[in-house]
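# Working through the structure, step by step
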Amino acid sequence: MASLKDIARECQVSVATVSKALNDHADISEERKALIRRKAEELGYRPNLFARTLKTNRSHNIGVLFTDEAHNGLTHDYFGAVLDSFKVAVEEKDYDLTFLNCNRTRKNRMTYLEHARYRGFDGVVVACIDFTEPEVLELVNSDLPVVTIDYIFNDRLAVISDNGKGMEDLLTFVYRRGHRRIAYIHGADSAVTRNRLSGFYRTAQRLGLEVPDEYVLESDYRDTEGAAEATQKLLDLKKRPTCILYPDDFAALGGLSRIRENGLAVPQDISVAGYDGIRLARHASPKLTTLYQDTGLIGRYAAEKLIDLIENPKTALRDITVVEGRVLEGQTVRNLVDN
């Protein structure tokens, strides 16, 4: 592998000049910088990571704290897509990613903060976890730069999907299609669920829509079986809903399956809508109506905000970035207005 000396010899300059050019110092002309960078690329030069760490006091490594009770990992459609976007964005800035150890059965395991410090992480992104856990609170309240996704702490970076507005838009879309008996199967208790429920009830009140208590049920996120059982309870009602909203697209697929098992057709006999806008939902038959969350923007914003805090701790804003979604009109919500 080429060294700084090799580049200096080829360019007939000093090693100090090469170092300044590669680090974009202002006292080196742009023409000379271009020449040195081009020669470095031709020679296959790669900076020594350990040396850079000593010089900058940064490892250029970002930790990822990501888990959920169902242990879906990166197969989790929504968060998997968010982290993929996050990964692309941090790699563009020459940072690497390493997952924090979440295996609680491991002997002598370190806390999240201990692991982050042991690995020398410059910062950590936290997503899809119990944010009330003492270890999570210890990490977030430390001096380590942290960004959370879909959860807000005081005076901490956060990037969130606008769940309240998303549910408002989805319910309004269904209402404008003539539905008045609308049920909602929501996810387990979390900040996301509470925001969506608030958006649901607030919008129902604004629209003058009555929502019986038996129309609002709970099922875990991404739980097709739980969603199917909740769907059955709604179908067994004497006055069943004309449309069912689900906590996510994966759960909606479980609902669709149970509806078909009851000999009913979607949307002719009953309508359904999901949430997230995952790729699988776009290829379902019939195509699922859903609220699309922009995972690309969420992941990129989280990466940019965290890196800004790492590199500019005195000037970076510890603010909250809200990303709106949009309704994707599929084929699972019947239009009752013209019937």
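An unreviewed UniProt entry annotates the protein as LacI family transcriptional regulator of Candidatus Eisenbergiella merdavium.

What follows concerns helix H13 (residues 295-311). In an α-helix there are 3.6 residues to a turn, and that puts residues three or four apart on one side. Taking 1.5 Å as the rise per residue, H13 with 17 residues should run 24 Å; its terminal C-alpha atoms sit 24 Å apart, in good agreement. Along H13, the residues classified as buried are Thr295, Ile298, Gly299, Ala302, Ala303, Leu306, Ile307, Leu309 and Ile310. Projected down its long axis, H13 carries its buried residues within an arc of 160°, all on one side. Looking at the buried side of H13, the elements it contacts are strand E1 (61-66), helix H5 (77-92), strand E3 (123-127), strand E4 (146-149), strand E5 (157-161) and strand E11 (320-323).

A surface patch of positive charge is lined by Arg279, Arg282, Lys287 and Arg326. Here Arg279 shows up in helix H12 (residues 279-282). Take Arg279: its relative accessible area is 63%, and that puts it in the exposed class.

Attention shifts here to the pattern of salt bridges. A complete count under the given rule lists 18 salt bridges for this structure. Taking the shortest distance from any N to any O, the salt bridge between Arg156 and Asp155 comes out at 3.8 Å. Between Lys305 and Asp319 there is a salt bridge, and its shortest N-O distance comes to 3.2 Å. Taken together, the residues span a long stretch of sequence, with Lys305 in helix H13 and Asp319 in the loop between H13 and E11 at a distance of 14 residues.

Bringing the sheet that holds E11 into the picture now. Reading across the sheet, the six strands line up as E2-E1-E3-E4-E5-E11 and stay open at both edges, with parallel pairing between neighbours. Each edge of the open sheet is held by one strand with a lone partner, namely strand E2 (96-99) and E11. Recorded for the sheet is a direction-independent mean angle of 20° between the axes of neighbouring strands. As judged from the three bridges shared by E4 and E5, these two strands associate in the parallel manner. Within E5, the residue paired with Val147 across the bridge is Leu157. The strands touched by H5 within the sheet are E1, E2, E3, E4 and E5, with E1 carrying the most contacts at an inclination of about 175°.

Next up on the list: the sheet that holds strand E8 (residues 243-245). The four strands lie next to each other as E7-E6-E8-E9, forming an open sheet whose pairing is parallel. Of all strands in the sheet, those with a lone pairing partner are strand E7 (216-218) and strand E9 (271-273), marking the two edges. The average angle at which neighbouring strand axes cross in this sheet is 20°, direction not considered. Pairing of strand E6 (residues 182-186) with E7 involves three bridges; the strand directions are parallel. From the neighbouring strand, Tyr184 faces E7, where its bridge partner is Val216. On top of the sheet, helix H10 (residues 224-235) reaches E6, E7 and E8; it is set at about 155° to E6, its chief contact.

Rules of the game
Residues numbered from 1 in each chain as written. Predicted model: local features only at pLDDT ≥ 70, side-chain atom pairs only at ≥ 80, totals over all residues. Heavy atoms only, no water. Helix = DSSP H or I, 4+ residues; strand = E, 2+ residues; numbered from the N terminus. Expected span 1.5 Å × (residues − 1). Buried < 20%, exposed > 50% of the residue type's maximum accessible area, 1.4 Å probe, protein only. Arc of directions from axis to C-beta. Contact = heavy atoms within 4.5 Å. Patch = residues over 30% accessible without salt bridge, like charges linked within 9 Å, V, L, I, M, F, W, Y side chains within 5 Å. Areas by Shrake-Rupley, 256 points an atom, 1.4 Å probe, with all protein chains shown as cover. Salt bridge = Lys/Arg side-chain N within 4 Å of Asp/Glu carboxyl O. Lys, Arg positive; Asp, Glu negative; His and termini not counted. Charge placed at Lys NZ, Arg CZ, Asp CG, Glu CD. Pairing = 2+ DSSP bridges. Axes fitted to C-alpha atoms, helices over the stretch in contact; angles between N-to-C directions.

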